[in-house]
Amino acid sequence: MGMRTDPLGKSRPLTTTTLPLLKKNSHLFYVLFPLVALIVVAKGAGFQDAVHITAILGESVVFNCHVEFPEGHPVPYVLQWEKKVGDTGQDIPIYIWYESYPTHSGEGYEGRVSRVSPDSPYGAASLNLTNIKESDQGWYECKVVFLNRSPNQHKNGTWFHLDVHAPPRFVVTPEDIIYVNLGDAIILNCQAEGTPTPEILWYKDANPVEPSATIGIFNDGTELRISNIRHEDIGDYTCIARNGEGQISHTARVIIAGGAVIMVPPTNQTKLEGEKVQFNCEAKAQPGNVTVKWFREGAPVKELSSLETRVTIRRDGSLVINPVSSDDTGQYLCEVSNGIGEPQSASAYLNVEYPAKVTFTPTIQYLPFRLAGVVQCYIKANPPLQYVTWTKDKRLLEPYQTNDVVIMNNGSLLFTRVNENHQGRYTCTPYNAQGTQGSSGQMEVLVRKPPTFTVEPEAMYQRKVGETVEMHCEALEAEGTQKPTVQWQRRDGNALPKNRVKIVGGNITIESLRRFDFGFYQCVASNEVATIVTATQLVVEGTQPHAPYNLTGTSTEFSVTLSWLPGYSGGPDYKQDYTIWYRESGVTEWSTIPVTPSGSTQITINSLAPATNYEFQVIGKNALGDGMMSKIITVRTIDVAISHKVSITPTPFLTPDENADILDYSNVILPTDSTGTAFVPPIYKPKAISLSHSSSLGPKPGVPRNLTVTEISNGFLITWQPPIERANLIRHYVIKYKTDGPWKTLNKASIRPEDTHYLVKNLVGGRTYYFRIFAYSLKSYETSEEVKFSVPARVKHKAITAGVVGGILFFIVAIILSVCAVKICNKRKRRKQEKAYNMVACRITDARNGANATDSQVPLKKNVKSETYRDYESVFIIPGTSVEANRGKKVKNQEDVEMPSPDRTSTYIAKAEYQV
């Protein structure tokens with residue numbers, strides 16, 4: 001059998017792989033087996049002569065192999081192609097051909113291997129391999145077996161090596177969206193295959209990832225690790241795999257996870273019974289795997305048997321109840337969560353309205369003879385009950401026309417004094433705004449005598465601590481009624497001591513009496529007709545005092561007067577004294593004041609601060625020790641603005657950068673004494689006070705919080721939050737600011753405690769300001785942290801523009817005002833001239849009338865210098881002439897003076913001269 005040499009230098013029989021394959025095709029085996037004599041390999045003879053071929057994944061390749069016949073004469077031959085696989089170099093036939101026989105293709109090569117066509121430029125033994133896979137890479141051998149020929153040892157095979165190049169492809173990639181919390185650690189894994197082996201690169205937001213103390217790239221670039229997520233680590237991370245055949249990329253977005261937030265909460269709804277109701281509950285979250293749960297009055301709706309067949313929770317989170325029942329009224333809560341943070345919830349109230357209805361009808365009810373009794377009508381209504389009608393023995397009952405029958409608010413009938421006429425058959429019919437669902441069934445009302453006490457406890461039992469008391473009580477039923485049950489209870493509702501109480505029949509025994517056993521006890525006897533009660537008092541002597549009660553207080557500006565009723569002193573042999581405990585609201589420690597004189601139940605506490613809440617309680621004490629505390633009451637002192645008004649020289653309010661000896665009240669209302677004199681309490685200020693003030697000033701308010709400065713359209717808004725502690729002590733706020741110099745006060749008036757914002761309009765652009773908020777109590781203050789705020793330079797430009805526009809507007813207004821002023825002056829001048837004319841006209845008329853009456857001339861005044869006399873120095877000037885011109889004109893007599901006609905409208909005043 002012939003031998004061949006593989007690329008590794010090993011000699012192997014040429015037919016060891018061929019014959020088994022031929023045996024599988026028996027018809028081919030029996031023909032070829034006797035003929036196999038020679039194997040001739042067409043070209044090449046060893047590893048050094050191997051042909052290297054490179055192909056691209058998915059493409060085709062031709063292994064060129066020639067057939068060299070012995071002595072150049074064609075003879076029959078078998079063509080076999082083998083591939084070396086595995087570490088051991090095992091040869092696997094992938095293609096076998098023999099003329100006129102079916103070809104054989106190895107596993108995985110079906111349909112992909114074939115001989116080249118005879119007219120191709122390749123050798124006759126060439127093999128065409130299509131749709132190349134990465135697994136096709138490796139060593140291939142072309143073998144030609146000549147039948148009935150001696151082997152040629154000089155030519156032992158033709159070898160090919162196929163390199164398959166493939167572009168990268170991802171086998172592992174990170175998720176598209178990765179939700180993280182700050183401080184988390186994550187690993188982004190990105191693995192790719194290809195030939196040659198791809199190179200892995202990482203980018204964040206289009207920039208290469210730079211390794212740092214918290215970010216590293218490991219395992220040949222396939223892993224990007226972030227050990228401590230920060231805000232700057234949030235973004236898009238891209239993994240790029242590349243080789244000579246191409247590159248691919250995958251992007252993962254790293255975002256901060258957020259808990260579910262309800263965007264559309266449910267709202268209160270009112271429905272009629274039988275309708276459908278839907279409560280919305282829309283939520284958003286990162287990631288968006290939101291789970292919605294619904295609860296009714298704290299219980300999951302899916303677990304309520306009354307709702308399970310009528311309730312649906314939709315995919316959008318909404319709750320649907322169809323139809324609603326009267327019992328569905330209540331609070332419904334929607335809870336959303338995505339596993340991050342605490343679940344968020346929102347609730348809404350469902351109000352189901354329905355006509356009033358009777359829920360229960362007792363067949364028999366009893367009324368106690370000669371006592372007060374009630375016939376119940378068990379009603380349910382929404383909207384609330386409006387009225388109830390009653391029938392007795394099938395006749396309408398008019399309770400309002402009967403003196404001893406009243407309809408109660410719940411619709412039941414109250415008989416103030418029962419008699420035998422009240423017995424009968426009753427029905428009730430309730431109504432509300434929705435109407436009624438009908439009447440009750442008939443109720444048989446029977447009048448019977450109530451039970452009576454045959455043995456009653458004493459009015460009072462007095463025992464000492466540690467002793468035993470036995471109280472007796474028995475009751476007897478009336479004829480035709482059931483025997484009453486007798487029970488004991490405390491009137492204040494507290495439970496009876498368990499281990500020290502024995503009840504036999506109607507008798508109660510309490511052993512080892514203690515202070516807490518003091519009180520009133522009731523014996524209760526009841527049967528179907530009535531319940532009767534009798535009471536007794538148990539006094540336990542030799543104990544500490546009981547708690548004072550009915551503690552009340554009245555206040556002034558600086559004091560509170562307390563009064564109370566004493567609790568049991570512990571016995572007649574014990575005297576009780578009192579101590580007042582008080583403190584300012586919000587303060588932890590209590591102050592105490594003994595009450596004098598001894599045994600007094602009233603006291604006045606002085607030296608308190610005005611307009612401040614104080615808490616008070618009283619404790620009694622006797623020879624055996626302290627008793628029990630009273631209930632705490634809160635009293636607020638009156639503000640210093642109650643009585644008469646006085647005027648006092650103003651003094652600036654205490655501020656951190658001011659010094660003074662005493663605080664003065666300016667124009668405030670102060671209390672007065674019996675003489676009407678105002679009493680001004682001295683409140684001293686510390687000298688040289690600074691920001692590091694001491695606590696000796698009095699209780700300080702808390703620290704104002706979250707001071708912020710925000711630019712808005714009309715200025716700058718300063719906001720803050722009140723202190724968490726002792727906010728009730730704040731009297732007012734003051735805003736301080738500075739730039740380069742000392743601190744200055746920003747607000748002109750004090751800011752009220754309830755105001756936590758202040759608008760500033762005049763900050764200078766381009767400057768840096770520092771702000772602080774001071775919270776003042778009556779005697780002290782506290783300051784917030786300092787906040788820095790830089791005003792943008794554009795604010796300055798706005799101010800300049802505003803100034804220019806304002807100047808132009810001012811100039812226009814000034815012109816308008818000037819024009820108006822000129823017109824007003826001219827108008828006043830004309831009025832003055834008209835007034836003077838009227839006076840002259842009147843004088844001339846009077847002179848003429850006088851001359852006609854006396855028939856004599858008017859006396860003239862002599863002018864010594866010119867011997868000229870003037871009348872009243874008045875004359876009329878014709879329009880268009882001047883006063884001076886007419887003044888120089890001399891006339892001989894009055895008739896020469898031109899006078900206006902009576903209907904003349906324009907006149908001018910001048911002086912007329914008469915010459916003699």
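From a predicted model like this one, the values you see are computed outputs, not experimental measurements.

Asks: Give a description of the overall build of the protein that names residues and reports values.
Replies: For the protein, the helix and strand inventory stands at four helices and 72 strands. For the protein, the residues scored as buried account for 38% of the 916 residues in total. For the protein, the proportion of contacts with a sequence separation of at least 24, taken over those separated by at least 6, is 63%.

Asks: Which residues make up the pairing of strand β46 (residues 501–504), and what values do they have?
Replies: For a regular strand, side chains alternate in direction, first toward one face of the sheet and then toward the other. Summarising the sheet, β46 and strand β47 (residues 507–510) pair through four bridges and their orientation is antiparallel. Within β47, the position partnered with K502 by the bridge is T509. Counted along the chain from β46 to the antiparallel partner β47, the turn is two residues long, and its residue G505 has a positive phi close to 65 degrees.

Asks: Tell me what's going on with the state of the cysteines, and back it up with residues and numbers.
Replies: Going through the model one piece at a time under the given rule, you end up with five disulfides. Here C281 is linked by a disulfide to C334, with a sulfur-sulfur distance of 1.7 Å. On the sign convention where negative means left-handed, the S-S torsion of about -65 degrees between C281 and C334 marks this disulfide as left-handed. Remark: C334 occurs in strand β30 (residues 330–337) and C281 occurs in the loop between β24 (277–279) and β25 (282–286); sequence separation between them is 53 residues. C334 carries the same exposure label as C281, and that label is buried. Between the sulfur atoms of C377 and its disulfide mate C428 the distance is 1.9 Å. The disulfide joining C377 to C428 has a torsion of about 80 degrees about its S-S bond and is therefore right-handed. Pair noted here: C377 is in the loop between β33 (373–375) and β34 (378–382) and C428 is in strand β39 (residues 424–431), with a separation of 51 residues, a long-range link. Assigning the bonded cysteines of the protein consecutive numbers by sequence position, one obtains the connectivity 1-2, 3-4, 5-6, 7-8, 9-10.

Asks: Got a sec to walk through the sheet that holds strand β9 (residues 113–115)? Specific residues and values, please.
Replies: Taking strand neighbours across the sheet as the criterion, the three strands line up as β5-β10-β9 in an open arrangement whose pairing is antiparallel. Unpaired on one side and paired on the other, β5 (61–63) and β9 mark the two borders of the sheet. Between one strand axis and the next, the sheet turns through 25 degrees on average, direction left out of account.

Asks: Can you break down the environment of S600 residue by residue, with the values?
Replies: Mapping S600 onto the fold places it in the loop between β53 (591–594) and β54 (602–605). You can call S600 buried: its relative accessible area is 19%. Sequence-wise, S600 and Q576 are 24 residues apart; in three dimensions their C-alpha atoms are separated by 9.2 Å. At 3.1 Å, the side chain of S600 and the backbone oxygen of Q602 are in polar contact.

Asks: With reference to specific residues and values, describe the pattern of salt bridges.
Replies: Tallying each qualifying case throughout the model produces 25 salt bridges. Between R225 and E223 there is a salt bridge; the shortest N-O distance is 2.7 Å. By relative accessible area, E223 is classed as buried at 14%. R752 is the salt-bridge partner of D755, the closest N and O atoms lying 3.0 Å from each other.

Conventions adopted
- Residues numbered from 1 in each chain as written.
- Predicted model: local features only at pLDDT ≥ 70, side-chain atom pairs only at ≥ 80, totals over all residues.
- Heavy atoms only, no water.
- Helix = DSSP H or I, 4+ residues; strand = E, 2+ residues; numbered from the N terminus.
- Buried < 20%, exposed > 50% of the residue type's maximum accessible area, 1.4 Å probe, protein only.
- Contact = heavy atoms within 4.5 Å.
- Pairing = 2+ DSSP bridges.
- Disulfide = S-S within 2.5 Å.
- Axes fitted to C-alpha atoms, helices over the stretch in contact; angles between N-to-C directions.
- Polar contact = N/O pair within 3.5 Å; in protein donor to acceptor, adjacent residues only side chain to side chain.
- Salt bridge = Lys/Arg side-chain N within 4 Å of Asp/Glu carboxyl O.

Geometric values such as these leave the question of function open.
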